[in-house]
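Read off the chains here:
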Amino acid sequence: MTEISNLNENNRHKYATRNLWTGILFGLGLVAFIDEAVFHQLLHWHHFYDKSTSDIGLVSDGLFHSFSWFATIASSFLLADLHRRQAFWLKRWLAGLFLGGGAFQLFDGTIQHKLWELHQIRYGVDIRPYDMIWNLTALAMILAGVLLIGRVKLHSYQTGDAKSNGE
């Protein structure tokens, strides 16, 4: 049993970066999917692109939904490969999930909403509370991801498991 544990530990460190990036891709897809399902489809607050007709808005939503679907599926294949290699590292994957989800949401809330003005979270209301909640939630997810990475690295260094790549 000890040999298997050591193999798993070695594989986790060998594929530490892949665990993180798989989580980031899954986080991007998951948060994009939640945004699409909740704010676009269920609440009808906006389309991905609101500067044209409703038909164009629906097409843009379909493309956005395709992005979230492909990101989630691609990350699922990468995740399956990590499991096959006995290299899955939950804390690093979760750190990636929070980083990817937070990065997507912060990009959406700052670049797409404000800089490019593709759409707003909601129309016909004071948008400031919505923007604040949206962007603070994004920052909280990013902070959670950074803290998880820090805990994983600290634990590795304290137990002497740190590898030459610093993971």
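One can find the structure itself at the top, above this paragraph.
Quick caveat, the model's predicted, so the values are computed rather than measured. (Residues numbered from 1 in each chain as written. Predicted model: local features only at pLDDT ≥ 70, side-chain atom pairs only at ≥ 80, totals over all residues. Heavy atoms only, no water.)

Student: Help me get a handle on the overall build of the protein chain, residues and values and all.
Tutor: Scanning the protein chain for helices and strands turns up five helices and zero strands. Its helices and strands taken in sequence order, the protein chain reads α-α-α-α-α from the N to the C terminus. Per-residue burial over the protein chain gives 40% buried out of 167 residues. Sequence separation of at least 24 residues holds for 76% of the intrachain contacts in the protein chain that already meet a minimum separation of 6. When the accessible surface of the protein chain is totalled, it reaches about 9,700 Å², and 68% of it is carbon and sulfur. (Helix = DSSP H or I, 4+ residues; strand = E, 2+ residues; numbered from the N terminus. Buried < 20%, exposed > 50% of the residue type's maximum accessible area, 1.4 Å probe, protein only. Contact = heavy atoms within 4.5 Å. Areas by Shrake-Rupley, 256 points an atom, 1.4 Å probe, with all protein chains shown as cover.)

Student: Tell me about the packing of aromatic side chains, and name the residues and values.
Tutor: For the structure on display, the rule yields eight aromatic pairs. Centre to centre, the rings of Phe-39 and Trp-45 are 5.4 Å apart; their planes meet at 40°, and the pair counts as tilted. Judged by its relative accessible area of 16%, Phe-39 falls in the buried class. Taking 5.5 Å as the distance between ring centres and 85° as the angle between the ring planes, the aromatic pair formed by Phe-107 and Trp-116 counts as edge-to-face. Over the ring of Trp-89 we find Arg-92; its NZ or CZ atom is 5.7 Å from the centre of that ring. (Phe/Tyr/Trp six-rings, centres within 6.5 Å; stacked < 30°, edge-to-face > 60°. Lys NZ or Arg CZ within 6 Å of the ring centre and 35° of its normal.)

Student: Can you break down the side chain of Arg-92 residue by residue, with the values?
Tutor: Position of Arg-92 among the secondary structure elements: in helix α4 (residues 90–115). A polar atom in the side chain of Arg-92 sits 3.1 Å from the backbone oxygen of Ala-16. (Polar contact = N/O pair within 3.5 Å; in protein donor to acceptor, adjacent residues only side chain to side chain.)

Student: Residue-level account of helix α2 (residues 16–42), with values.
Tutor: For α2, which comprises 27 residues, the first-to-last C-alpha distance of 37 Å matches the rise-based estimate of 39 Å (1.5 Å per residue) to within 8%. Trailing α2 by a residue or two, His-44 shows a phi angle of about 55°, which is positive. (Expected span 1.5 Å × (residues − 1).)

Student: Got a sec to walk through a nonpolar patch on the surface? Specific residues and values, please.
Tutor: Side chains of Leu-30, Phe-33 and Ile-34 sit close together on the surface and give an oily, nonpolar patch of about 240 Å² of accessible area. Residue placement: Phe-33 occurs in helix α2. Taking the relative accessible area as the measure of exposure, Phe-33 reaches 40% and is therefore partly exposed. (Patch = residues over 30% accessible without salt bridge, like charges linked within 9 Å, V, L, I, M, F, W, Y side chains within 5 Å. Salt bridge = Lys/Arg side-chain N within 4 Å of Asp/Glu carboxyl O.)

Student: Report on the nonpolar core, specifying residues and quantitative values.
Tutor: Membership of the largest hydrophobic core is limited to six residues, which are Leu-20, Ile-24, Ala-95, Leu-99, Leu-148 and Ile-149. The set of elements that each furnish at least two residues to this core consists of α2, α4 and α5 (128–159). With five residues, the next largest nonpolar core counts Val-31, Ala-32, Phe-64 and Met-141 among its residues. (Core = buried A, V, L, I, M, F, W, Y, C linked by side-chain atoms within 4.5 Å.)

Student: Give a description of the pattern of salt bridges that names residues and reports values.
Tutor: Applying the stated criterion across every chain yields a total of six salt bridges. Among the salt bridges present, the one from Arg-18 reaches Asp-81, with a minimum N-O distance of 2.8 Å. Placement of the pair is Arg-18 in helix α2 and Asp-81 in helix α3 (residues 54–84), with a sequence separation of 63 residues. Relative accessible area serves as the criterion here: at 32%, Arg-18 is assigned to the partly exposed category. Asp-81 gets classed as buried once you look at its relative accessible area, which sits at 16%. For the salt bridge of Lys-114 with Asp-131, the shortest nitrogen-to-oxygen distance reads 2.6 Å. Here Lys-114 is found in helix α4, whereas its partner Asp-131 is found in helix α5, with 17 residues between them in sequence.

Student: Describe the environment of Leu-30, and please don't skip the residues or the numbers.
Tutor: Along the polypeptide, Leu-30 turns up in helix α2. Expressed as a C-alpha distance, the spacing of Leu-30 and Ser-68, which sit 38 residues apart in the sequence, is 6.8 Å. If sequence neighbours within four positions are ignored, Leu-30 has contacts with Thr-72 and Leu-97.

Student: Tell me about the packing of α2 against α4, and name the residues and values.
Tutor: Taken N-terminus to C-terminus, the directions of α2 and α4 make an angle of 45°; their axes are 6 Å apart at the nearest point. Viewed along their axes, α2 and α4 adopt a mutual orientation that is oblique. Judged by the twist between their axes, the crossing of α2 over α4 is right-handed. (Axes fitted to C-alpha atoms, helices over the stretch in contact; angles between N-to-C directions. Parallel < 35°, antiparallel > 145°, perpendicular 65-115°, else oblique. Left-handed = near helix turned anticlockwise from the far one by under 90°.)

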